[in-house]
Amino acid sequence: MNLDTLPPLRDVIHNHDLHAKKALGQNFLLDLNLTGKIARQAGDLSQCDVLEIGPGPGGLTRALLVEGARKVVAIERDPRCLPALAEISAAAPGRLTVIDGDALAINPAEHLTAPIRIVANLPYNVGTELLVRWLTPQQWPPFWQSLTLMFQKEVAERITAKPGSKAYGRLAILAQWRCDTRIVMHLPPQAFTPAPKVSSAVVHLTRLDEPRYPADGRVLNDIVARAFNQRRKMLRASLRSLRPDIEDLLNSVGISPTQRAEEISLEQFCALARAVKP
Ligand code: SAM
């Protein structure tokens, strides 16, 4: 058996009785043309190791291998999927390592060699938590080169949002400070089995070697958290607890104290962070 002669995913699901479990956020992609398209959004995989979270029955895993990934390390929490993934492993000898466990509790770095790309169709709650972790490592640059991740459409829009939009907030600033971000695909609910209630989108994030503008990450994060926690308030009110002289600081970096968080660009937030902690 090689990758081209593996059975269709519907048969895999039937043969291994992989009925989707809601608690594990299981909405599978069964169309290999579609998983191929997602895998290609991750860029040239031929010289890369790929970390996949939540391979499930392996539709995206197969695509990553077909697209030439040097090696795929896949972390799956549902042990029912392991026999199906073992078939893929046998069809691509030495190129797929499956780790049985919770991606939130596992550090996969020791199994991977740079350059590393991360690709995943994940349950949405786990996806956001992992994204925040991947964007806030102890050291920058992180262990990965790029992230290609499926999200609920609204979350994808929050990651790529620009100032002035409703979706603009902490996630946009966190992601865009350190990465180029792009929505590369939209998927309707019917693309998945079973179909979720919401639409989805794939976001591609490419890390920058240095953050886009200089700033202390903790200070920036603190400012942005305060500013967007009370996003309808003027900054002089939402940031008052940060520093008693906040109005002067805002003015010193060209931000009007009466502006609101969603009007402030990433560059301006970074300038404010530097004014707070030079
Ligand atoms: N990648 C497959 C696909 O595209 O068809 C499956 C996608 S399904 C949305 C999410 C997968 O993530 C499921 O197989 C589920 O069991 C797995 N999963 C859920 N939580 C996980 C976790 N914390 N760690 C690892 N895998 C997890």
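Scoring rules and cut-offs
- Residues numbered from 1 in each chain as written.
- Predicted model: local features only at pLDDT ≥ 70, side-chain atom pairs only at ≥ 80, totals over all residues.
- Core = buried A, V, L, I, M, F, W, Y, C linked by C-beta atoms within 7 Å.
- Buried ≥ 20, exposed ≤ 12 C-beta atoms within 10 Å, placed from the backbone.
- Domains from an automatic or database assignment.
- Near = placed C-beta within 6 Å.
- Helix = DSSP H or I, 4+ residues; strand = E, 2+ residues; numbered from the N terminus.
- Nonpolar A, V, L, I, M, F, W, Y, C, P; charged D, E, K, R; others polar.
- Pairing = 2+ DSSP bridges.
- Axes fitted to C-alpha atoms, helices over the stretch in contact; angles between N-to-C directions.
- Contact = placed C-beta atoms within 7 Å.

S.K.: So what exactly am I meant to see when it comes to the nonpolar core here?
M.R.: Soluble globular proteins tend to pack their nonpolar side chains together in the buried interior. Counting residues in each nonpolar core, the largest one holds 79 residues, and the members touching the most others are Leu64, Leu149 and Phe269. Three or more residues apiece are contributed to this core by two domains, here domain 1 (3–207) and domain 2 (217–276).

S.K.: What's the story with the site of the ligand in this structure? I'm lost.
M.R.: Around the ligand sit 24 residues, and of these Phe28, Gly54, Gly56, Ala103 and Asn121 come closest. When residues of the shell around the ligand are traced back to their parent elements, those giving at least two are α3 (59–66) and β2 (71–76). Along the lines of polarity and charge, the residues of the shell around the ligand split into 13 nonpolar, 7 polar and 4 charged.

S.K.: Would you take a moment to explain the sheet that holds β2 for this structure?
M.R.: Two modes of strand pairing occur in sheets, parallel and antiparallel, and in both the strands are linked by backbone hydrogen bonds. If you walk across this open sheet you meet the 7 strands as β3-β2-β1-β4-β5-β7-β6, and the pairing is mixed. With partners counted over all chains shown, the strands left at the sheet margins are β3 (96–100) and β6 (179–187), one partner each. Across the sheet, the axes of successive neighbouring strands diverge by a mean angle of 20°, strand direction being ignored. In this structure, strand β5 (residues 146–152) lies alongside strand β7 (residues 200–207), joined through 7 bridges in antiparallel fashion. Note that in β7 the partner of glutamine 152 across the bridge is serine 200. Packed on one face of the sheet, helix α5 (residues 124–135) meets β1 (49–53), β4 (116–121) and β5 and runs near 150° to β5. Docked against the sheet, helix α7 (residues 170–178) engages β6 and β7, running at close to 120° with respect to β6.

Read these as layout, nothing more, since geometry by itself doesn't imply function.
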